[in-house]
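# Coordinate inspection notes
Next come the chains, spelled out residue by residue.
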Amino acid sequence: MPSNEEKPTPELKRIMVTGGAGFIGSNLVKLILKEHPEYSVVNYDLLTYAGNLVSLKDVEDHPRYRFVRGDVSNLHDVKQAMDGCWGVLHLAAESHVDRSILDSGPFLQTNLIGTQVMLEAARHHRIKRFIQVSTDEVYGSLDPDDPPFTERNQLTPNSPYSASKAGADLLVRAYVKTYGLPAVITRCSNNYGPYQFPEKLIPLLIRNAMNDQPIPVYGDGKQIRDWLYVEDHCRAIMKLLEEGKPGEVYNIGGNCEVVNLDLVKMVLAELGKPQSLIKFVKDRPGHDRRYAMDTGKITAEIGWKPEYSLSQALPKTVKWYQDNAQWVQSVVSGEYRDYYRKQYGDRS
Ligand code: NAD
Ligand code: DAU
């Protein structure tokens, strides 16, 4: 073959990513553009307080990337943006448990109605693969000696957030059974990493500690979460897009259960800050005690497992926030300050 002969360009598959300006979504969009030349991306996001285009600054002019501002609960706009797409990665959601306790309305609108609209549009466009990005919280809470959640556990959500996600999962199941929609549900444990909004535990505690502000620990601080580095979650989503079996549910987790208080102490040590910053505050109502995931299915069927351990990725994450104080500053608006006052102001 003559050396100057052009290689045929493989046909691009277009994927719609909803919530691509959020924490996991922005990491996912960048991973796709970097590691998957076979896909182009339509990032469909409403840009709520949690969505920030500044997180996507380095890819905004990428030839395989397009941003569309829109609401997942608007069928007309969703159908338009989904036109020509091969697959859908549905991440857009109201995602913070504490906010769902203050006001559950937006959670039902976006997480439940928004998912129904996404499913209708996917049916209309005969989407080849639909990934519903869900959460371990739909399973409820574990006692200390319970085995980890498997995909066969019942859904027993305890917060308005997790109930809205469980409802969305059930709708996805109904669309698979009723209309044969080729959808896969993923249920992942707690993520951490760059670009996470500082209302969630890890970025909130890094930010407060860096500013010598109190670290609010709910209740006795003995709750347990299973932590996964966001890049590992994104890789799992991409593997399931390609190899997940339609109609199936896959747990994703870090096999990394940590007591909240221990995690707080690890971050303080990483930052060289004193434990005297810890302030025990009133517990979250309905607070789930423990999450843990059995990830045997995704490992056996798809060959995915986490690449990062907490001891590798937590210091990396802390350093990212130290180096990117400007990003944090740019995403915390007046709205965030109002929320912070409501959430923590009279909590003691
Ligand atoms: P996030 O809050 O950081 O981002 C959510 C994004 O959705 C934002 O960009 C926001 O603007 C967008 N959005 C909100 N409402 C919208 C609407 N009506 N229409 C269009 N866009 C809208 O959330 P995240 O932490 O990145 O979580 C992403 C998904 O992953 C969610 O579905 C969440 O339930 C799930 N999940 C998160 C975790 C975690 O630890 N963060 C773990 C498991 C599953
Ligand atoms: O498990 C997956 C879920 O993880 C996702 O579905 C959610 O979108 C995501 O927000 C997260 O939910 P959590 O409620 O577990 O995460 P959060 O960071 O809010 O809290 C982690 C733990 O830390 C939880 O036990 C509550 C506690 N906490 C949290 C905050 C914000 C505190 O003790 N103090 C705090 O100020």
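Computed from a prediction, not measured in an experiment: that's the story for all the values here.

## Some words on the sheet that holds strand 2 (residues 39-45)
Spatial strand order, 3-2-1-4-5-6-10: seven strands in an open sheet with parallel pairing. Strand pairing shows two members of the sheet lacking a second neighbour, strand 3 (65-69) and strand 10 (249-252), which therefore form its edges. Each strand axis lies, on average, 20° off the axis of its neighbour in the sheet, ignoring direction. Bridge count between strand 6 (residues 183-188) and strand 10: four bridges; the pairing is parallel. Paired with Ile185 across the bridge in strand 10 is Val249. Contacts between helix 2 (residues 75-82) and the sheet are confined to strand 1 (13-18), strand 2, strand 3 and strand 4 (87-90), with strand 2 contributing the most and set at about 165° to the helix.

## Thoughts on the sheet that holds strand 9 (residues 224-229)
On the basis of which strands lie adjacent, the open sheet formed by three strands has the order 7-9-11 and mixed pairing. Edge positions in the sheet fall to strand 7 (190-192) and strand 11 (257-259), since each has one partner strand and no second. On average, each strand axis in the sheet is inclined to that of its neighbour by 50°, with strand direction left out of account. Here strand 7 runs beside strand 9; their pairing, made up of three bridges, is parallel. Bridge pairing links Asn190 to Trp227 in strand 9.

## Re the site of ligand 2
The immediate surroundings of ligand 2 are formed by 23 residues, with Asp136, Glu137, Tyr161, Arg284 and Tyr344 found nearest. Glu137 is positioned with one of its side-chain polar atoms (N or O) 2.7 Å from an oxygen atom of ligand 2. A distance of 2.6 Å is found between an oxygen atom of ligand 2 and a side-chain nitrogen or oxygen belonging to Arg284. Contact with the protein chains covers 94% of the free accessible surface of ligand 2, which is 690 Å². When residues in the shell around ligand 2 are grouped by element, the largest group, three residues, is from strand 8 (residues 215-218). Classifying every residue of the shell around ligand 2 gives nine nonpolar, eight polar and six charged.

## Topic: the pattern of salt bridges
Within this structure, the stated rule accounts for 17 salt bridges. The salt bridge involving Glu307 is made with Arg235; its shortest N-O contact spans 3.7 Å. A residue pair is termed long-range when its members are at least 10 positions apart, and Glu307 in the loop between helix 9 (296-302) and helix 10 (310-323) and Arg235 in helix 7 (residues 230-243) qualify at 72 residues. For Glu257, the salt bridge is made with Arg290, and the minimal N-O distance between the two is 2.7 Å. Note that Glu257 is positioned in strand 11 and Arg290 in the loop between strand 12 (278-281) and helix 9, a separation of 33 residues in sequence. Owing to a relative accessible area of 40%, Glu257 belongs among the partly exposed residues under this scheme.

The rules behind these values
Residues numbered from 1 in each chain as written. Chains lettered and ligands numbered in written order. Predicted model: local features only at pLDDT ≥ 70, side-chain atom pairs only at ≥ 80, totals over all residues. Heavy atoms only, no water. Pairing = 2+ DSSP bridges. Helix = DSSP H or I, 4+ residues; strand = E, 2+ residues; numbered from the N terminus. Axes fitted to C-alpha atoms, helices over the stretch in contact; angles between N-to-C directions. Contact = heavy atoms within 4.5 Å. Near = heavy atom within 4 Å. Polar contact = N/O pair within 3.5 Å; in protein donor to acceptor, adjacent residues only side chain to side chain. Areas by Shrake-Rupley, 256 points an atom, 1.4 Å probe, with all protein chains shown as cover. Nonpolar A, V, L, I, M, F, W, Y, C, P; charged D, E, K, R; others polar. Salt bridge = Lys/Arg side-chain N within 4 Å of Asp/Glu carboxyl O. Buried < 20%, exposed > 50% of the residue type's maximum accessible area, 1.4 Å probe, protein only.

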